[in-house]
Amino acid sequence: MNNRIEKLIDLMEKDGLDAVMLSGKANIFYFSGFTSEDATLIITKKEQFIITDFRYYDQARLQAKDYVLVDVKDGIQNVLTSTASKNVGVEDTVITLFEYNTLTQSNKSVSFTGMADKINLLRMIKDKSELETIKTAEMIASNAFEQVLPFIKPGITERNIAVMLERYMAESGASGTSFETIVASGERGSMPHGTASDRIIQRGDLVTMDFGCVYNGYCSDMTRTVAIGNISDEKKTVYNIVKDAQQNALDAIKPGMICSDVDSVARDYISEQGYSKCFGHGLGHGVGVEIHEKPNLSLKCDIKLEPDMVVTVEPGIYIAGKFGVRIEDLVRVTEDGFENFTKSSKELLII
């Protein structure tokens, strides 16, 4: 944790801050190891404080050993006063308007500055421990997919598939899912975020499964689309276009590459094949303690890739009212390319 605190202090010094107050679960965990969101961290250049209530005293002492434990009844105001903090950074994308108004009214001599975006950028490059944890989380998801495949057949529901995926991930050590599991079959496949429903799987369907788990505080994410029996030539063609677009984007990943340019590699290929209006989301996103982190592989992101960033690569084609295809891998940027954490085959599986 010390290296992370040092980077945060460097950021504070550049922005002329006396302290940073963290209230979002992701950054509380990242900077302290504390696994509950019922806390507030205040980090100064000399000390770190964790403010929580009686229910979490022992947990805080165990998980945030480098932090001074403060009872919530003593309040944020006392910590800011005792540390003479006049300029304080806050997570403005997390704190509510009510909380902000309460904070400013209770600390009228303190100036608060929104710092969420800058703080979150500190999490982009993963250390060795983070990389190994994310890799394990993705392995758990990949193994669950392989275990579920034999059970996917006409007559079961999308929800049946989601439950099986989640059960196998839990049995392999996952503490939960990274997000609500997506299983979209047939015409529902045109919904990129079509979470599992009671629709019954039928012959001729494409079934898209987008899922991931949380392992030791870190997320995984993957998507596979499979065919149920014989499918139309149109579906096969679209599948192969998505597969080739993804591979083109993967081959473009390397340090120094601008995120928007990676997105364009896949997007331009899909457009050249006549499906420009059928790929409406970004190519990918960072993954870590949150399922969506910086950087984004999108047309709006000008961040340059660096070694040990972890991103998804997930192009898709969605034809309204008919079907959809998405293929997603989770990769680490290396010194000269990428390492793919997702081991499941991307050849079209016909079940």
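Here's a quick rundown of the structure.

Cut-offs and rules
- Within each chain, residues carry numbers counting from 1 in the order of the written sequence.
- It should be noted that, the model being predicted, local features are given only for residues of pLDDT at least 70 and side-chain atom pairs only at 80 or more, the latter also being counted only at that level, while totals for whole chains, interfaces and linings use all residues.
- Each side-chain value is derived from all of the structure's non-hydrogen atoms; neither hydrogens nor water enter the calculation.
- Between buried and exposed lies partly exposed: a residue is buried under 20% and exposed over 50% of the maximum accessible area for its type, with that area taken using a 1.4 Å probe on protein chains only.
- Working definition: helices are DSSP H or I runs of at least four residues, strands are E runs of at least two. Numbering for both runs from the N terminus.
- Paired strands, as defined in this entry, are two strands with at least two bridges between them according to DSSP.
- Pairing of N or O atoms within 3.5 Å defines a polar contact, subject to two protein rules: one partner must be a possible hydrogen donor and the other a possible acceptor, and residues neighboring in sequence count only if both atoms are side-chain atoms.
- By definition here, a salt bridge exists when the distance from a side-chain nitrogen of Lys or Arg to a carboxyl oxygen of Asp or Glu is within 4 Å.
- Note on ring pairs: Phe, Tyr and Trp rings are taken, using the six-membered ring of Trp, and paired if centres are within 6.5 Å. Classes follow the plane angle, with under 30 degrees stacked, over 60 edge-to-face and the rest tilted.
- In this analysis the charged atom, NZ for Lys or CZ for Arg, is taken to sit over a ring once it is within 6 Å of the ring centre and within 35 degrees of the ring normal.

## Digging into the pairing of strand 15 (residues 310–313)
Part 1 of the argument: Burial of the side chains of strand 15 extends over both faces: Val310 and Thr312 are buried on one face and Val311 and Val313 on the other.
Part 2 of the argument: As judged from the four bridges shared by strand 15 and strand 18 (residues 329–333), these two strands associate in the antiparallel manner. Bridged to Val310 within strand 18 is Arg332.

## Points about the side chain of Ser85
Part 1 of the argument: Residue position: Ser85 is located in the loop between helix 4 (75–82) and strand 5 (87–90).
Part 2 of the argument: We classify Ser85 as buried; its relative accessible area is 2%.
Part 3 of the argument: A polar contact is formed between the side chain of Ser85 and the side chain of Thr83, at a distance of 2.8 Å.

## A short note on the sheet that holds strand 7 (residues 176–177)
Part 1 of the argument: Strand order in the open sheet made by the three strands is 7-10-11, with antiparallel pairing throughout. Strand pairing shows two members of the sheet lacking a second neighbour, strand 7 and strand 11 (218–219), which therefore form its edges.
Part 2 of the argument: Pairing of strand 10 (residues 213–215) with strand 11 involves two bridges; the strand directions are antiparallel. When the bridges of strand 11 are listed, Tyr215 appears paired with Tyr218.

## Observations regarding the pattern of salt bridges
Part 1 of the argument: One pass over the full model with this rule turns up 24 salt bridges.
Part 2 of the argument: The salt bridge partner of Arg159 is Asp198, with a shortest N-O separation of 2.8 Å. A residue pair is termed long-range when its members are at least 10 positions apart, and Arg159 in helix 8 (residues 158–171) and Asp198 in the loop between strand 8 (182–185) and strand 9 (206–211) qualify at 39 residues.
Part 3 of the argument: Here Arg332 and Glu339 are joined by a salt bridge, their closest N and O atoms 2.9 Å apart.
Part 4 of the argument: When salt bridges with common partners are traced through the structure, they connect Arg123, Lys126, Glu290 and Glu293 into a single cluster.

## Brief notes about the packing of aromatic side chains
Part 1 of the argument: Going through the model one piece at a time under the given rule, you end up with five aromatic pairs.
Part 2 of the argument: Consider the rings of Tyr30 and Phe31, whose centres lie 4.9 Å apart with planes at 85 degrees: the pair is edge-to-face. The same class applies to Tyr30 as to Phe31, namely buried.
Part 3 of the argument: One cation-aromatic arrangement involves Arg267 over Phe279; the distance from NZ or CZ to the ring centre is 4.1 Å.

Geometric values such as these leave the question of function open.
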